[in-house]
Every structure is written in C-alpha cells, then in structure tokens.
Amino acid sequence: MSTSKVATMHDAVADLVRNGDTVAIEGFTHLISFAAGHEIIRQRKRDLTLARLTPDLIYDQMIAGGVARKLIFSWLGNPGVGGLGSIRRRIETGEPAPLEVEEYSHFGMVGRYTAGAANLPFFPIRSYFESDLPVANPRIREIESPYGDGKIFAVPPLKPDVTIVHAQRADAAGNTQVWGLLGCQKEAAFAAERVIVVVEELVDEAVIRADPNRTIIPGLIVDAVVVEPFGAHPSYVQGAYDRDNRFYLDWDAITRDEAATQQWLRDWVYDLDGRAAYIDRLGAARIASLKPGSAPSGVVDYGDYR
Amino acid sequence: MSAGAREPGPSAASATAFSKSEMMIVAAARELAGQRVCFVGVGLPNIAVNLAQRTVAPGLELVYEAGVFGARPARLPLSIGDPTIVTGATAVVSMYELFSFYLQGGLVDVGFLGAAQIDRRGNINTTVIGPYDHPTTRLPGSGGACEIAINARQVFVIMRQSARSFVEKIDFRTSPGNLGGAEQAERIRREGGWLGRGPSVVVTDLGIWHFGDDGEMRLDWLHPGATLKDVRSTIGWEPRIAADLATTPAPTATELRLIREELDPGGVYTK
C-alpha cells in the first residue's frame, strides 16, 4: 500500500519546482493547471524554461510574472481569440527582457515528449520537409532512414524537470484518471523527472481500480497530488466546468498593456494566498454559469475473474 | 468551367443580404461536398467545416488535432480544443495517436487551414512577419499546420484577401504548398514519400481560387458584389483569372440561418 502523496499547492511547488528548471504544464486547451502556474508566479520562481505545445494564457501570465528565461512551444496564441501580448512583447521588443524561444510543430513537441518518455535519442517524424522551421531551429534535423528509404526529420527528446497536469481525479498514491481531451499529458508526465498531479477530486483507490482503462498516469511516477477543485479555471474540465470564454476575451485586452497585465497579476495572484481565495473572488455566480449539462457514459463490465 | 474546378454547390438565390465573411464561409463549406475526412485548422476553418457538416457534407468526419476523430459538435467550438468536440464523438485519442496514426498514417482527405500570408503557389506563413530573429509581428507558428500540409491528401485554405496576406514572397515558409511550381513540388513530394498532393483550393472573402497545372492559383469564382478591381488591389502579384470566370452562387437562406442562429450568433467569425 502506497503512502499518501497529497500535498498543498504551496508545498508541492516549493518542494518540486526549482529555479532554472524546465517545467511543462501540459493540457491541450483542456485541463490546464492555472492554479499551479499562479503558485509558481506567487513563489517568484526564476529562470525557468517553460515547455508547452500551446503556451496559452497561463504561460503569458507566468512570463509576465518574470519566471521564465526560455519558451519551448509549437503554437503561440489565445485559442479562438487572438494573441498573447506579454510573450509577444518579450519576443518582438525584448522588453522588459529578451525571451529565448525554441519552436516546433505540435507533432514535433508530442514526438519530443514521446522520445523523452521512452528513453530514445530522437523521434522520427514526417514533418518539416520544405519548411523554414528547421532553419529557425537547428535542433530539428534531417536524417537518412537507416533502411535506405529516404530522408526523415528527427526531433530531440524533451525531459522536463517537472511536469504538472490537471486531472478529474486521482487517488492519494497519484494514480490519475482523465476523460475528454488527453493531449500529451501522459507523454509529458512519463518524460519528466518529477510529476505534480492536480485534481478536481481525490478518490479511493477502489474507484481507480474499478475503471483501469481510464488511468493515464500511474502513481509510480507521481511525486505530489494536489487537490484543487476549479484549479483549471479559466480553462475547463470535461464534465465539470466549461471554458470561461469571457475571461479569454477579457485577457485579450489586458495582455495588450503591460501595466494592466501587472495590475491583474497583483489582483488575482500576488494579493491572494491560493486557489480558494481566487475562487472566492471569482464568485459563486460566475462558477455556476460554467457548469455543463449532463452526458454520462454508459457503464462497461470488466468482469470478475476469480 | 476550368479543369479541376468543382461546382461550389447550391445556387438558390438568397432573399437576404449577406456579409463578405458569410459568403467566404459558405463558399468554403460547399467545397467540402463529397469529402470524407477533414482535419480542422484553427479559426475560420472551424466554422466552415461545421457549416459543411450541417449542409453539403452530413457524413463528414471531423478530425481535431486536440485528439478527436468523428466530432459532432453541438455548438460551434470556441476553439479547436472545446469540450463540445468530445461529447458525442466517435473517438477521443491522444495527440500522439492523432498525429501518428490518423494524419501521418494517411487517413485525412482534406486538411483545412487558415494562413497569415500565402503566395501564388499556396506556400503558407503563420510564423512571423519580418525576420525570424527580430520579427515585427510574432504570429502563432505552425501548430499542426506544417504536418497537415505534408500528410493530408489535399489542403484547403480559407483566409481574407489583402495586400498584406496575398504576397509575392512570404516572410517565412511554415507550411509547404506547391513550392516553386507544380513540377518541382510533385518531384519533391514523390521523392520524399509525402502522402499529400498539396493545396487545391483557396477560398477568400472575394472569390474561390483553384490551382492550375503549373501549381499557381487561378481565380475561378468571383463572389457576388466583389469586382476584379477588388481582387487586384488585394494581391501582391498579377493574378491569373479564369477565362470563364463565374459568379459564386449567393448564400442560401438556410446557410445564412445556420451561421447566424446556430453557429455564430455572436458574429465572432462574420463581423
């Protein structure tokens, strides 16, 4: 029987995220751990390399908070809305400090985590032909197939020091279950040295064992389990709450202006002591407005084989 | 009609006025008639494919890079990672499976992309305006576009036409189209083992372009209300115009109702 890995967000970030680390907060539009990102800002971590397919609002906020020196990514934007001003300013003007970037395509990033998780020296990929991306990023290499059937591209493994994922549920040992978009959380977690799982709900081990096909991350590779309901807001959790699109639209105006961005960080991150205070400030009505209708899955029978 | 051009679909006259964006979305949706599997890009493709699924292509299998095959969105997805693409879908898979087995494995008939810049041969830039190291405008980047351009059997593009977007020379080639011309593109695609044949149509707010035998786009359809003067003033090269240029049939009342009442009541894509 495993011992409990349940920790507060403060302690998990303080213990497991270190200055200079490569950090991946993964989750493709779905299940983005804003709660962990805000705690990293609040603890004023520095010189991080942030990896994520879609930096999204969370990395825009973290980069505005000064935690990062480098960004590894494949699509930089506010999905369905527009741009990410804080990141763009760092890239376009170098203000207030230059931001190093290392850029791939989505499949290239997924391949990098996959190689990292599988302990491979590279991931072969049929992308990047006749694209300027390998020119911009020399870590994308053209290689000859060892079987004599032409050229292919290779991307290097990505092994984050810390991967942080948000999920619907986990048990105290860190066995984690997700439904809805799976993104590349599994690959990013297996590739990482340390893993923090943030969940809507802590469940008994029996709940996990009753539906093992839904487990994407075993507790074996998890270092901390943080219970933080609504911790993915303003992104969403399938079945629990919808994306708060009003926030994504509001951010478009905030991020265009450095002073407004810093004011937002004061109001919603630095001046709050954690996620509970954030939810209080958001208000019950706003939270209730994001609750979806119900669409339960059917029940499958795994069978009893004694 | 020029070789290779398809009928853009319903021709029933509209009783209502419509915007340029509505015409563009309707024309793009109609291009999907007869297609089976469509990989949905960010932005305008999202509304065009959702309209197609409700009109000319009810059996269209929508593939979203977030990891969904066979999406049946009940509302217009706010982004390509919206929860509505999951509920009721045929399959939800990891991004690894989506890109490896569905796209690179050759199951996608049409990759539907948007673009910031395009050249006459359908090469696409979504990365930077200006030099890469010191861009004047940092754009989103590839996302899945550079692999869609290579692995989808054909590529459709939807984008508004302007002198800044239809350019003689793109600032960065994110996703390859017909490269320097059809002959070169065919050789490179064959020798490289690409499954994709490259771009076949570009739908804009002014008309519909198809690609000729030499790999250059040619205006086959001009949208109602648009003029050749509009076309020439929003393009960075001397455009090729079909000898039998036709007028795109206006949006039908049904198409407009679906866009306005069901898909985009807030006018996000159509204003």
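The rules we used
Residues numbered from 1 in each chain as written. Chains lettered and ligands numbered in written order. Predicted model: local features only at pLDDT ≥ 70, side-chain atom pairs only at ≥ 80, totals over all residues. Helix = DSSP H or I, 4+ residues; strand = E, 2+ residues; numbered from the N terminus. Rg over C-alpha atoms; globule rule 2.2 N^0.38 Å. Buried ≥ 20, exposed ≤ 12 C-beta atoms within 10 Å, placed from the backbone. Contact = placed C-beta atoms within 7 Å. Pairing = 2+ DSSP bridges. Arc of directions from axis to C-beta. Axes fitted to C-alpha atoms, helices over the stretch in contact; angles between N-to-C directions. pLDDT = per-residue confidence, 0-100. Parallel < 35°, antiparallel > 145°, perpendicular 65-115°, else oblique. Nonpolar A, V, L, I, M, F, W, Y, C, P; charged D, E, K, R; others polar. Core = buried A, V, L, I, M, F, W, Y, C linked by C-beta atoms within 7 Å.

Turning our attention to the overall build of chain A. In terms of regular secondary structure, chain A is built from twelve helices and 13 strands. Against the 2.2 N^0.38 benchmark of 19 Å for 306 residues, chain A shows a C-alpha radius of gyration of 20 Å, consistent with a compact globule. Summarising its shape, the C-alpha atoms of chain A cover approximately 60 × 50 × 35 Å along the three principal directions. Split into buried and exposed, the 306 residues of chain A put 50% on the buried side. The long-range fraction of contacts in chain A, counting pairs at least 24 apart against all pairs at least 6 apart in sequence, stands at 74%.

Scanning chain B for helices and strands turns up seven helices and 14 strands. Counting only C-alpha atoms and orienting by the principal axes, one finds that chain B spans roughly 45 × 45 × 40 Å. Across chain B, the fraction of contacts at a sequence separation of at least 24, relative to all contacts at a separation of at least 6, is 68%.

Residue and element names in this part refer to chain B. Across three bridges, the pairing between strand β2 (residues 61-64) and strand β3 (residues 68-71) is antiparallel. Each residue of the ladder has a partner; that of L62, found in β3, is A71. With two bridges joining them, β3 and strand β4 (residues 91-92) adopt antiparallel strand pairing. Residue V68 lies in a different strand from β4, and its bridge partner there is V92.

Residue and element names in this part refer to chain A. Residue P234 is bonded to the preceding H233 through a cis peptide linkage, with omega at 10°. Backbone geometry places L31, a non-glycine residue, at a positive phi of 55°. Relative to the helices and strands, L31 is located in the loop between β2 (22-25) and α2 (34-42). Residue L31 is classed as buried on the basis of its 29 C-beta neighbours within 10 Å. Located in the positive-phi region is N119, a residue other than glycine, with phi close to 55°. Tracing the chain through its elements places N119 in the loop between α5 (106-117) and β6 (123-125).

Turning our attention to helix α10 (residues 258-270) of chain A. Residues and elements named next belong to chain A. The set of residues buried in α10 consists of T261, L265 and V269. Down the axis of α10, the sector holding all buried residues measures 45°, keeping them to one side. Turned more than 90 degrees away from the buried face of α10 sit A259, Q263, R266 and D267, all of them exposed. In this structure, the buried residues of α10 make contact with α2, α3 (56-64), α4 (85-93) and α9 (245-254).

Another point: the sheet that holds β6(A). Residue and element names in this part refer to chain A. One open sheet accounts for three strands, arranged β6-β8-β7; its pairing is antiparallel. Each edge of the sheet is formed by a strand with only one pairing partner; in this case those strands are β6 and β7 (141-144). With strand direction ignored, the average angle separating the axes of adjacent strands in the sheet is 45°. Taken strand by strand, α5 contacts β6 and β8 (151-155), and its axis lies near 155° from that of β6.

Moving on to the confidence of the model for chain B. All names here are of chain B. Residues with a pLDDT of 70 or more make up 94% of chain B, whose mean pLDDT is 93. The model gives residues 1-7 a pLDDT under 50, and that stretch makes ten contacts with residues more than four places away or in other chains. Across the interface, the model reports ipTM at 0.96; the global pTM reads 0.95.

Moving on to the packing of α2(A) against α3(A). Residue and element names in this part refer to chain A. The geometry of α2 relative to α3 is characterised by a closest axis approach of 9 Å and an angle of 5° between their N-to-C directions. Classified by the angle between their axes, α2 and α3 sit roughly parallel to one another. The segment α2 lies against α3, with F34, G37, I40 and I41 engaging I58, Q61 and M62. Across the contact of α2 with α3, the residue classes break down as five nonpolar, two polar and no charged.

Core analysis: the largest hydrophobic core is formed by 169 residues, its most contacted members being A:V197 and B:A48. Sorting elements by how many residues they give to this core places helix α1 (residues 20-30) of chain B first, with seven residues. Ignoring any residue separated from it by four or fewer positions in sequence, one finds B:A48 in contact with B:I25, B:A28, B:A29, B:F112 and B:I158.

Now for the sheet that holds strand β1 (residues 37-40) of chain B. Residue and element names in this part refer to chain B. Pairing is mixed across the open sheet formed by ten strands, whose spatial order is β4-β3-β2-β1-β5-β10-β11-β12-β13-β14. Looking along the sheet, the strands with just one partner apiece sit at the ends: β4 and β14 (240-247). When strand β10 (residues 154-158) meets strand β11 (residues 199-203), the two strands line up parallel, connected through four bridges. In the strand pairing of β11, V157 is matched with V202.

With that settled, consider the interface of chain A and chain B. On the chain B side, the residues contacting the 42 residues of chain A number 37 residues. Listed by contribution, the elements that provide at least two residues to the side of chain A that touches chain B are α4, α5, α6 (133-136) and α7 (185-191) of chain A. No other element matches α5(A), which puts four residues into the side of chain A that touches chain B. Here the side of chain A that touches chain B is composed, by residue class, of 16 nonpolar, 15 polar and eleven charged.

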